[in-house]
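Reading the structure
Residues per chain, in single letters:
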Amino acid sequence: MSTPSTPTAEAVAAPPRRRPGLFRTAWRFGRTKVGVVLTALVVLVAVVGPFVAPYTPTEFVAKPFETGVDGVLFGGDNRGRDVLTRFLWGGWTLLVLAGAAAGIGVAAGTVVGIVAGYQGGWLDNALMRVNDVLLAFPQLIAALLVMSIIGPQVWLIVAVIAVSHLPRVARVIREATRKVIEQDYVKAAEAIGLPRTRIMAVEILPNVTSPLLVELGLRLTYSIGVVAVLGFLGMGLQPPTADWGLMINENRQGMAVQPWAVALPVTAIAVLTIGANLITDGLSRAAIGIDRGVEK
Amino acid sequence: MTQENTPDDTTALLVDGLTVIGRPSDVEIISGVSITVRRGEILGLVGESGSGKTTLGLSLLAHCKRATEISGGRVEVAGADLATLSEQGVRALRGRAVAYIPQSPASALNPALRLRTQLREALHDSSLSAGEVSERVREVLREVALPDDDAFLARYPHQLSGGQQQRVAIAMAFIGRPDVIVLDEPTTGLDVTTQAHVLDTIRRMTRDYGTAGVYISHDMAVVAGLADEIAVMYQGELVERGRTEEVMAAPGHEYTRRLLRAVPLLRTDHRPEESAPEEEPLLRVRGLSAGYGRTTVLEDIDVSVSRGECVALLGESGSGKTTLSRSVVGLHHQFSGEMLFDGARLATGSYRRTAEQRRRVQYVFQNPYEALNPRKRVRDQILGPYRHLVGRPQDPDAVVAEALERAALSASYANRFPEQLSGGERQRVCIARAVATKPDLLVCDEITSALDVSVQAEIVALLRNLQDAGMALLFVTHNIALVSNIADRVAVLNKGRIVEYGPVGEVMSAPEHEYTRALIADTPDFAPQGA
């Protein structure tokens, strides 16, 4: 809002407050708070769990699917190992794998998206058509295919999921980039001959962070799901590792007699996914300015 | 104030103590505004952006923008209190009792519907037969001086020019014979010739129909020529209201006086020519043609700018003036012809020019809201180009402070982000960024057109100071009044060609080309007596 006072008079007055950033705007939504609490809960279990677990994850403490044993709160699993211990141990692998896959995929997709959006021309066409080819593979089936050819390896899980994220992120970031490069500050940087790589890093990247954060949250949610499903299908981490996805698969035959061994990891994965999704939703609402209202 | 809020038979619109607040902060966007407008008269609602004039205009249609609500006062249109109306009543009211003409005609018309369909929709009166509806559509089209044949009615909005689109929007507003019509800066996007036609149409239609008009604008010159009464809004309050002649002759409020002073005068006592054009000019453009793909937008352009001189490029939208200025700075690559800067050829793209050339020619963009990276502080906006073109400074703070000072801003602005600046301050920062590298030529592309009139005057004064300090300016504008206030020489562009080129005094007083004559005649001339 312009005021009619002279510039010198304005300088004396305190500068107007900045509009709160994306995180702070997002935090005002109830859904974001709920999401953060849910996510924090699961992350806490996964991170602190291994340190407070009563046994080691491969120790036999009961008979298979036995419940009501003294000192074994949730009973034994299909081999008679402590369910609680394996639950506490099985989270961090999922989190690390999902986090790494989402992080790498979003980072690579951002680079591809910005380069394609800014450079345009044949490079844009080449990158985006390769993208389309990648998009044609269903995420999970592509992962299963690669896994069954090369064999289940930890780095491969991360790589396959990251690659499946890349084209999806690239498409969104390319659109955001196209909007930013219409702005005159990018042209101003071109007019003074700033190198194109610097323009992409300094002028464009900071201005696509809103869709970027939303993408990161969304891809994290998907990664959690895919890692868990791969574990369940036996294509992820291999026994005897404690892993939530694997636990569900191992113990599903005994679900009638020993529901805890399935219920605990299922609940944790569900809560984590919903939590991450709520945060993402809050971020995206803040990014597009829903319910911003009128501020002073 | 000479008018009191005493409603009589001729009063079409009465607003009494209207207050609109914003949620969730409860800021009063407009507070306690009272106006009355009589049938057949136009009230000019003047104020700068953010003063609440559009909010007031929309509340006359019983519409509030998102997160705002009317918290006090009342609005009566032709005797009916809007607050008492139901949702259905409001819908019946809009278009019949109150009609609205928005700023951009392109967004007011549905691009997928033919004009016939849109005009019929606007006349949502079920009591009329199909024949009567068509007759009314043709009648109103004739009244806004558009063809009324079937071929025209079958057209889509994109097949019309901007002026025709705005006249269709006017026809749509008047088709239901409303009691009150709200016009929200309807001529802002139009060039002066079209603006003159549209204003004429509005004036005639309100008189013929006995409609009360509320004309929202920040342009005092337009309002002075059109309105019977003027209401000045400032920071959500009505600071002055009176008959147009009285306000113009004796403005009561300080803000009104400032507004009047800020309007650039069409004819000024021009400064005498100082520069001797014999020496080699700083920038010489000869036989330049430019285009996009196969379309040529500029042909055979000859312009030169000497050191310390200001040359204005005057033209309406589509005349190619922005293409020319972007070619000079290296942002438009597709041109041929000679372009010499200080004797050396300028390459077509900025990346092919030397760093020294890029440093010496700087560009200021039209829209300050898009020209600053929202994620960088003012300090970094200024230092970025400096580091790249001049080198790492010994004392960065001094560089920033000096650049800001040349743009008439204090050094304390260095730590602000663009969103903490007003439009005028943003444009000053853009100028500071451009002058930080000490250029010889500053290309200004319509740099005042996105700003309020009062801010415009400040920016023009700033540019004059820079010019007095020895900088050459290439000032691109569509506003002929600004030209005589700033430029030494002017080149008039029409359809990609220069039709007139010479000292400003000569061109303004004795224009040779008929296009220039038409431009001068259509610009609202304005001489405030009280300022």
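Bear in mind that the values here come from a model prediction, so they are computed numbers and not experimental data.

Here we take up the overall build of chain A. When helices and strands are tallied, chain A shows 13 helices and zero strands. Each helix (α) and strand (β) of chain A, taken in turn from the N terminus, gives the series α-α-α-α-α-α-α-α-α-α-α-α-α. The C-alpha atoms of chain A give a radius of gyration of 24 Å, which is well past the 19 Å a tight globule of 296 residues would have. Counting only C-alpha atoms, chain A reaches 80 × 50 × 25 Å along its principal axes. Counting across all 296 residues of chain A, residues that qualify as buried make up 45%.

Before going further, it helps to spend a moment on the overall build of chain B. Secondary structure summary: chain B contains 20 helices and 20 strands in total. Computed over the C-alpha atoms, the radius of gyration of chain B is 25 Å, within 12% of the 24 Å expected from 2.2 N^0.38 for a compact globule of 531 residues. Overall, chain B is about 75 × 55 × 40 Å in size when its C-alpha atoms are taken along their principal axes. For chain B, the proportion of contacts with a sequence separation of at least 24, taken over those separated by at least 6, is 70%.

Moving on to the confidence of the model for chain B. Residue and element names in this part refer to chain B. Of the residues in chain B, 94% reach a pLDDT of 70 or more, and the chain-wide mean stands at 84. Ranking the helices and strands of chain B by mean pLDDT puts strand E16 (residues 361-364) first, with 92, and helix H3 (residues 105-108) last, with 75. Here residues 1-5 is modelled with pLDDT under 50, and outside its nearest four sequence neighbours on either side it reaches eleven contacts, counting other chains as well. On the interface metric, ipTM, the complex scores 0.74, and its pTM is 0.77.

Another aspect to go through is the environment of B:Glu405. If you trace the backbone, B:Glu405 turns up in helix H15 (residues 396-406). Here the alpha-carbon distance between B:Glu405 and B:Ala432, two residues 27 residues apart in the chain, equals 8.0 Å.

Attention now goes to the sheet that holds strand E12 (residues 295-305) of chain B. Residues and elements named next belong to chain B. Reading across the sheet, the four strands line up as E12-E11-E14-E15 and stay open at both edges, with antiparallel pairing between neighbours. Across the chains shown, the open sheet's two edge strands, defined by having one partner strand only, are E12 and strand E15 (344-345). Strand direction decides the pairing type here: strand E11 (residues 283-292) and E12, joined by seven bridges, are antiparallel. Across the sheet, the residue bridging to Gly291 is Thr296, located in E12. Running at roughly 115° to E11, helix H12 (residues 321-329) makes contact with E11, E12 and strand E14 (335-341) of the sheet.

Before going further, it helps to examine the sheet that holds strand E1 (residues 11-22) of chain B. Residue and element names in this part refer to chain B. The four strands lie next to each other as E2-E1-E4-E5, forming an open sheet whose pairing is antiparallel. Since the sheet does not close on itself, it has two edges, and those belong to strand E2 (27-38) and strand E5 (80-81), each with one partner. Summarising the sheet, strand E4 (residues 68-77) and E5 pair through two bridges and their orientation is antiparallel. From the neighbouring strand, Glu76 faces E5, where its bridge partner is Asp81.

What follows is about the domain arrangement of chain B. All names here are of chain B. As far as domains go, chain B holds domain 1 (11-262), domain 2 (281-342 + 441-524) and domain 3 (368-439). Contacts between domain 1 and domain 2 engage 15 residues on the former and 13 residues on the latter. Among the secondary structure elements, those contributing two or more residues to the side of domain 1 that touches domain 2 are helix H8 (192-209), helix H9 (220-226) and helix H11 (254-262). Examining the composition of the side of domain 1 that touches domain 2, we find that four residues originate from one element, H9, more than from any other. By residue class, the composition of the side of domain 1 that touches domain 2 is seven nonpolar, four polar and four charged.

This brings us to the packing of helix H3 (residues 30-52) of chain A against helix H13 (residues 260-288) of chain A. Residue and element names in this part refer to chain A. For the pair H3 and H13, the least separation of the axes is 7 Å and the interaxial angle reads 145°. By crossing handedness, the relation of H3 to H13 is classed as left-handed. Across from Arg31, Thr32, Val34, Gly35, Val36, Leu38, Thr39, Leu41, Val42 and Val45 in H3, the residues of H13 making contact are Ala268, Val271, Leu272, Ile274, Gly275, Ala276, Leu278, Ile279, Asp281 and Gly282. Here the residues of the contact of H3 with H13 are counted per class, giving 13 nonpolar, five polar and two charged.

Residues and elements named next belong to chain A. For the pair helix H12 (residues 244-251) and H13, interaxial distance at closest approach is 8 Å and the crossing angle is 150°. The element H12 and its partner H13 pack so that their crossing is left-handed. Here Trp244, Met247, Ile248 and Asn251 of H12 come into contact with H13, specifically with Ala261, Val262, Pro265, Val266, Ala268 and Ile269. For the contact of H12 with H13, a count of residues per class yields nine nonpolar, one polar and no charged.

In this section: unusual backbone geometry. In most cases, non-glycine residues show a negative phi, while peptide bonds are predominantly trans. All names here are of chain B. Even without being glycine, Ala145 reaches a positive phi, approximately 60°. Here Ala145 is to be found in the loop between helix H5 (130-143) and helix H6 (150-153). Overall, the presence of 13 C-beta atoms within 10 Å leaves Ala145 in the partly exposed class. One non-glycine residue with positive phi stands out, namely Arg177, at about 45°. With respect to the helices, strands and loops of the structure, Arg177 is situated in the loop between helix H7 (162-174) and strand E7 (180-184). The class for Arg177 is partly exposed, based on 15 C-beta atoms found within 10 Å.

Thresholds, definitions, all that
Residues numbered from 1 in each chain as written. Chains lettered and ligands numbered in written order. Predicted model: local features only at pLDDT ≥ 70, side-chain atom pairs only at ≥ 80, totals over all residues. Helix = DSSP H or I, 4+ residues; strand = E, 2+ residues; numbered from the N terminus. Rg over C-alpha atoms; globule rule 2.2 N^0.38 Å. Buried ≥ 20, exposed ≤ 12 C-beta atoms within 10 Å, placed from the backbone. Contact = placed C-beta atoms within 7 Å. pLDDT = per-residue confidence, 0-100. Pairing = 2+ DSSP bridges. Axes fitted to C-alpha atoms, helices over the stretch in contact; angles between N-to-C directions. Domains from an automatic or database assignment. Nonpolar A, V, L, I, M, F, W, Y, C, P; charged D, E, K, R; others polar. Left-handed = near helix turned anticlockwise from the far one by under 90°.

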